[in-house]
Amino acid sequence: MTYLIIKAAVSGVLVMIISEVARRSPGLGGLIASLPLVSVLGIIWLWRDTSDLERIASHSQATFWFVLPSLPMFLAFPMMLRHGLGFWLSLALSCLLTMGLYLVTLWILPRIGIDL
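Residues numbered from 1 in each chain as written. Predicted model: local features only at pLDDT ≥ 70, side-chain atom pairs only at ≥ 80, totals over all residues. Heavy atoms only, no water.

Engineer: Would you mind showing me how to read the layout of surface pockets here?
Structural biologist: If a probe as big as a water molecule is rolled over the atoms, it shows which places are left empty. Looking at the largest pocket, its volume works out to about 780 Å³. Lining the largest pocket are 25 residues; nearest its centre among them are Ala 33, Ser 34, Leu 35, Val 38 and Phe 74. Within the residue set of the lining of the largest pocket, elements represented by two or more residues are α1 (2-24), α2 (26-34), α3 (37-50), α4 (53-70), α5 (73-82) and α6 (87-111). Broken down by element, the lining of the largest pocket gets its largest block of residues, six residues, from α2. (1 Å grid on protein atoms, 1.4 Å probe; cavity = no way out; pocket = protein on both sides within 12 Å on 5 of 7 lines; lining within 4 Å. Points joined across faces, edges and corners; volume = space filled by probe spheres on them. Helix = DSSP H or I, 4+ residues; strand = E, 2+ residues; numbered from the N terminus.)

Structural data, given as structure tokens:
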């Protein structure tokens, strides 16, 4: 149980740091948020939990393929905000866009020979 609390605390501290830095400097906050810190932490926790190199390699490859459909959100969200859609509506629509692109990705990948 202590291990789970440590994992949650470290992960939560990263999110807190990113939000605090972004409050002072949106660009620097964006830079830190764009670093694959969560992915690296996930890989570290997975290594610690399983020591399974194939599982870690598969996880890393899947992360790559799922990052791609998430990228348009970071263009659509600010565009919607700047066109007056409001924060919550823009966020919801951006998340829906991302979920739709995830579904398209899940449909396309097996058809091009990529199994996750």
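Engineer: Mind showing me how you'd approach the packing of α1 against α3 here?
Structural biologist: For any two helices packed against each other, one specifies the inter-axial angle together with the distance between the axes. The N-to-C vectors of α1 and α3 enclose an angle of 165 degrees; their axes lie 11 Å apart at closest approach. Judged by the inter-axis angle, α1 sits roughly antiparallel to α3. The interaxial crossing formed by α1 with α3 has right-handed handedness. Packed against α1, whose contacting residues are Tyr 3, Lys 7, Val 10, Ser 11 and Leu 14, the element α3 presents Leu 37, Leu 41, Trp 45, Arg 48 and Asp 49 at the interface. (Axes fitted to C-alpha atoms, helices over the stretch in contact; angles between N-to-C directions. Parallel < 35°, antiparallel > 145°, perpendicular 65-115°, else oblique. Left-handed = near helix turned anticlockwise from the far one by under 90°. Contact = heavy atoms within 4.5 Å.)

Engineer: Looking at this structure, how should I read the packing of aromatic side chains?
Structural biologist: Centre distance and the angle of the planes are the two values used to describe a pair of aromatic rings. Under the criterion given, the structure shown has five aromatic pairs. Considering the side-chain rings of Phe 66 and Tyr 102, the 5.8 Å spacing of their centres and the 85 degrees angle between planes classify their relative orientation as edge-to-face. With Phe 66 in helix α4 and Tyr 102 in helix α6, the pair connects residues that are 36 residues apart, well separated along the chain. Classification of Phe 66 as partly exposed rests on a relative accessible area of 26%. With a relative accessible area of 29%, Tyr 102 lands in the partly exposed category. Centre to centre, the rings of Phe 77 and Phe 87 are 5.9 Å apart; their planes meet at 75 degrees, and the pair counts as edge-to-face. In this pair, Phe 77 sits in helix α5 while Phe 87 sits in helix α6, placing the two residues ten residues apart along the sequence. Among the aromatic residues, ring-to-ring pairing joins Phe 77, Phe 87 and Trp 88 into one connected group. (Phe/Tyr/Trp six-rings, centres within 6.5 Å; stacked < 30°, edge-to-face > 60°. Buried < 20%, exposed > 50% of the residue type's maximum accessible area, 1.4 Å probe, protein only.)

Engineer: Explanation requested: the pattern of salt bridges in the structure shown.
Structural biologist: Pairing between side chains of opposite charge can happen when their charged atoms approach one another. Across all of its chains, the model carries four salt bridges by this definition. Several salt bridges converge on common partners, so that one network encompasses Glu 20, Arg 23 and Arg 24. (Salt bridge = Lys/Arg side-chain N within 4 Å of Asp/Glu carboxyl O.)

Engineer: Sorry if this is basic, but what is going on with α3 here?
Structural biologist: Each turn of an α-helix holds 3.6 residues, which means side chains three or four residues apart point in the same direction. For α3, which comprises 14 residues, the first-to-last C-alpha distance of 20 Å matches the rise-based estimate of 20 Å (1.5 Å per residue) to within 8%. Within the sequence span of α3, burial applies to Leu 41, Trp 45 and Leu 46. One face of α3 carries all of its buried residues, which in axial projection span an arc of 135 degrees. Buried residues along α3 sit against α1 and α4. Positive phi appears at Ser 51, one or two residues downstream of α3, with a value of about 55 degrees. (Expected span 1.5 Å × (residues − 1). Arc of directions from axis to C-beta.)

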